Amino acid sequence: MKRNFLYTELSNNIATLIKNGVLKEGDRLPSVRMLCTEHGISMNTAKRVFLELEAQSLIESKPQSGYFVSRLPYKKLPLAQVSSPSLINGNQEPEELIHKIYANMGNTDLTFFSIGAPADQLLPLAKLNKEIILATRSLSHSGTAYEPLQGNEKLRRMIATRSLTWGGNFDENDLVTTAGGMNALSFCMMALSKPGDTIAMESPCYSGILQLARSLGLKVIELPTHPITGIEIDALKKVVSKINLCLLVPNFNTPLGSCMPDEHKKEVVALLAKHGVPLIEDDVYGDLYFGAQRPKCCKSFDTGGTVLWCSSISKTLAPGYRVGWIAPGKYKEQILKLKLVHAISSTTITQEAVANFLKTGRYENHLRKLRQTLQYNYQQYIDTIAEYFPEGTKTSRPQGGLALWVEFSKEINTTILFERALKQNISISPGRMFTLQNQFENCMRLSLGLPWSETLKQKLKLLGRLAGS
């Protein structure tokens, strides 16, 4: 425990010095031996510190010379602006645009910068196939029988165990499994609201969540959101007396990739609890952190059971398995009643397969590789955007997750860019699809979940040229 604490503390401290400009590009870092001597740590712990900083692309090693601060490409690109939506109900759903984007799903000729999930090449498909076969052999009735209403007990136990890393402190009875993350959010919204109620959420926000809220007859208030720290709490304070529930993606939300600081999460939970407003927390990206440790959740600070924590493996392991879950706090009975009516049971075989994958430790090994790949992709995207995109381009600075937010100058319309790019077999997500208001017309989301290659770089360069022409 002490070694892990020192390793995390040291890597975080050095990362902060680099990001704040105290340590500058080209500066030489202390040697491994010097780090051991100064902090009283082992060689292995010191090496882990440097490996972590290398994984974040903050430092680089030079043979026979040591470790040096890397060039930080994002410093060439200004930070995307804080959003400024109107704090009134928005109702202008870009339904036609969303339909156009998803109508091309399955077209193998397209490069999908628009799909916010890891590509097949980044997933352990062979290992998952084996787990499916083993599940059919080990389950009674070969997996054809119904699961208990609350879901696969082994899976719930493994999720509860993993939650200890961020302060979840669950046991299996605190969790209910669902058919993916969106199904979890749907149950929560239905349990906590009725048509005409008002829900607050980030802006920009994932289009599927906006569509879900609208389909349930909810009024949506979009909150100003900082691309690094998440929602502006002062804005939430202005509307908290007018809302019936709140839905947030505090850890690496899409499309911004922002991550709320712990003190913000704690303040939001306390504010909403004080006003009797339940919080639905979508933590589907929480495991995809680029730093030294997983961020806490809003649920970490929940003392009254008013936070409904939702997550799934759809963004990390197997989108098509449709395995998700909820820790619904004091709303557990409402969620179970809805699940009984709408689903009866979760899918037996995929839950068992995922439970075993988590139990063997393969999931953690996969996540480690996936996080490194996504962070590497982010650095490559930023390098390419800085060199080939139009002057004045701004970006977000995600600290994890699958999304990069790109903001052009006002004269560039990304809905038009989408149509032009599609003719070149490139699919993007225009910013307008992430809001119910007339905003973000000059923005787009790019998915980091594609395997980086020279071909992908050329597609990104072409997208930059199309934007600037």
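In case you missed it, the structure is sitting above this.
All residue numbers refer to positions counted from 1 along the written sequence of the respective chain. Local features are withheld for residues below a pLDDT of 70 in this predicted model, meaning they are given only at 70 or higher, and side-chain atom pairs are given and counted only at 80 or more; totals for whole chains, interfaces and linings count all residues. Excluding hydrogens and water, the side-chain values take into account all heavy atoms of the structure.

Visitor: I would appreciate a short explanation of the overall build of the protein in the present structure.
Guide: In DSSP terms, a helix is any run of H or I states spanning at least four residues, a strand is any run of E spanning at least two, and both are numbered starting from the N terminus. Scanning the protein from terminus to terminus reveals 15 helices and 16 strands. Its C-alpha atoms give the protein a radius of gyration of 22 Å, within 12% of the compact-globule value 23 Å for 469 residues. Summarising its shape, the C-alpha atoms of the protein cover approximately 65 × 55 × 50 Å along the three principal directions. Here the protein holds 469 residues, and the buried ones make up 57% of them. Between the two quantities, the radius of gyration covers C-alpha atoms and the globule rule is 2.2 Å times the number of residues to the power 0.38. Three exposure classes are used, based on accessible area relative to the maximum for each residue type with a 1.4 Å probe and protein chains only: buried under 20%, partly exposed in between, and exposed over 50%.

Visitor: Just to check I follow, could you spell out a nonpolar patch on the surface for this structure?
Guide: Grouping into patches uses exposed residues only, defined as over 30% relative accessible area, and leaves out salt-bridged ones; the cut-off is 9 Å for like charges and 5 Å for nonpolar side chains (Val, Leu, Ile, Met, Phe, Trp, Tyr). For accessible areas, the Shrake-Rupley method is used with a probe of radius 1.4 Å. Any residue's cover is judged against the shown protein chains and nothing else. Salt bridge criterion: a side-chain nitrogen from Lys or Arg within 4 Å of a carboxyl oxygen from Asp or Glu. Among the surface-exposed residues, Y146, L340, V341 and I344 lie close enough to one another that they form a single nonpolar patch of about 470 Å² accessible area. Within the secondary structure, I344 sits in the loop between α11 (332-342) and α12 (348-359). On the accessibility criterion, I344 (43% relative accessible area) is partly exposed.

Visitor: What am I meant to see in the packing of aromatic side chains here?
Guide: The geometry of an aromatic ring pair comes down to the distance between the two centres and the angle between the two planes. Within 6.5 Å between ring centres, the rings of Phe, Tyr and Trp (the latter by its six-membered ring) count as paired, and their orientation is classed by plane angle as stacked under 30 degrees, edge-to-face over 60, tilted in between. Inspection of every chain in the model, using the stated rule, returns 10 aromatic pairs. Ring geometry for Y381 and W452: centres 5.6 Å apart, planes at 45°, overall tilted. Placement of Y381 in helix α13 (residues 362-388) and of W452 in the loop between β16 (443-447) and α15 (454-468) is noted, with a sequence separation of 71 residues between them. Consider the rings of W405 and F440, whose centres lie 5.6 Å apart with planes at 85°: the pair is edge-to-face. Separated by 35 residues along the polypeptide, W405 in strand β13 (residues 403-407) and F440 in the loop between β15 (429-430) and β16 bring together distant segments of the chain. Here, a charge over a ring means that NZ of Lys or CZ of Arg falls within 6 Å of the ring centre while also lying within 35 degrees of the ring normal. The positively charged end of R371 is found above the aromatic ring belonging to Y289, 4.1 Å away from the centroid.

Visitor: Looking at this structure, I do not really get the nonpolar core. What am I missing?
Guide: A general tendency of soluble globular proteins is for nonpolar side chains to be buried together. In these notes, a set of buried Ala, Val, Leu, Ile, Met, Phe, Trp, Tyr and Cys residues joined through side-chain atoms within 4.5 Å is what counts as a nonpolar core. One finds Y381 and L446 to be the most contacted residues of the largest nonpolar core, which totals 100 residues. The element contributing the most residues to this core is α13, with 8 residues. Discounting residues that sit within four places of it in the chain, L446 has contacts with F113, Y381, I385, L402, A403, L404, V406, I428, L460 and L463. Residues I221, L223, V268 and L271 belong to the second largest nonpolar core, which totals 22 residues. Whether two residues are in contact is decided by their heavy atoms, any of which lying within 4.5 Å being enough.

Visitor: Would you mind showing me how to read the packing of helix α14 (residues 414-422) against α15 here?
Guide: For any two helices packed against each other, one specifies the inter-axial angle together with the distance between the axes. Where α14 contacts α15, the two axes come as close as 10 Å, and the packing angle between them is 130°. Compared by their axis directions, α14 and α15 come out oblique. The two elements α14 and α15 cross, and the hand of that crossing is right-handed. Packed against α14, whose contacting residues are L417, R420 and A421, the element α15 presents L463, L466 and A467 at the interface. To obtain each axis, a line is fitted to C-alpha atoms, and for helices this fit is confined to the stretch in contact; angles are then taken between N-to-C directions over 0 to 180 degrees. Angles below 35 degrees are treated as roughly parallel, those above 145 as roughly antiparallel, those between 65 and 115 as roughly perpendicular, and all remaining angles as oblique. In this scheme, a crossing is called left-handed if the near helix is turned counterclockwise away from the far one by less than a right angle; it is called right-handed if the turn is clockwise.

Visitor: Explanation requested: α14 in the structure shown.
Guide: Residues that lie three or four places apart on an α-helix share one face, since the helix turns once every 3.6 residues. Within α14 the residues assigned to the buried category are T414, L417, F418 and A421. Relative to the axis of α14, the buried residues are bounded by an arc of 105° and lie together on one face. Its side-chain oxygen at 2.8 Å from the backbone nitrogen of T415, N413 defines the N-terminal cap of α14. The arc in question is formed by the directions pointing from the helix axis toward the C-beta atoms. We call two N or O atoms a polar contact when they sit within 3.5 Å, provided that within protein one can donate a hydrogen and the other can accept it, with sequence-adjacent residues counted only if both atoms are side-chain atoms.

Visitor: How should the pattern of salt bridges be read in this particular structure?
Guide: Pairs may arise between side chains of opposite charge once their charged atoms sit close together. Applying the stated criterion across every chain, the model contains 12 salt bridges. The salt bridge involving E364 is made with R162; its shortest N-O contact spans 2.6 Å. Separated by 202 residues along the polypeptide, E364 in helix α13 and R162 in helix α6 (residues 153-162) bring together distant segments of the chain. Looking at E364, the relative accessible area reads 31%, which means it is partly exposed. Judged by relative accessible area, R162 falls into the partly exposed class, the value being 22%. The salt bridge partner of K194 is D197, with a shortest N-O separation of 3.1 Å.

Visitor: Just to check I follow, could you spell out the sheet that holds strand β7 (residues 230-231) for this structure?
Guide: In any sheet, the strands associate via hydrogen bonds between backbone groups, in a parallel or an antiparallel arrangement. Paired strands, in this sense, are two strands between which DSSP finds at least two bridges. The strand order β4-β11-β10-β9-β8-β5-β6-β7 describes an open sheet built from 8 strands, whose pairing is mixed. This sheet does not close on itself; its edge strands, each paired only once, are β4 (176-178) and β7. Bridge count between strand β5 (residues 198-203) and strand β8 (residues 245-248): 2 bridges; the pairing is parallel. Among the inter-strand pairings, I199 is bridged to a residue of β8, identified as L245. Contacts between helix α8 (residues 207-215) and the sheet are confined to β5, β6 (219-226), β8 and β9 (279-282), with β5 contributing the most and set at about 170° to the helix.

Visitor: Whenever I open this one, the pairing of β13 confuses me. Can you help?
Guide: For β13, the tally of buried residues reaches 5 of 5 residues, placing the bulk of the element in the interior. Residues A403, W405 and E407 of β13 are buried on one face, and the alternating residues L404 and V406, pointing to the opposite face, are buried as well. As paired elements, strand β12 (residues 394-395) and β13 share 2 bridges and run antiparallel to each other. Opposite T395, over in β13, you have V406 as the bridge partner. Here β13 runs beside β16; their pairing, made up of 5 bridges, is antiparallel.

Visitor: How should the sheet that holds β16 be read in this particular structure?
Guide: One open sheet accounts for 4 strands, arranged β12-β13-β16-β15; its pairing is antiparallel. Of all strands in the sheet, those bounded by a partner on one side alone are β12 and β15. Where α13 meets the sheet, it contacts β12, β13 and β16, and its direction lies at approximately 15° from that of β13.

Visitor: Hey, could you run me through the environment of I231 in this one?
Guide: Here I231 lies in strand β7. Note on I231: relative accessible area 1%, which makes it buried. Separated by 97 residues in the primary sequence, I231 and L134 have C-alpha atoms spaced 44 Å apart. I231 has contacts with E202, L223, P224, T225, L236, L248, M260 and V268, leaving out every residue within four places of it along the chain.

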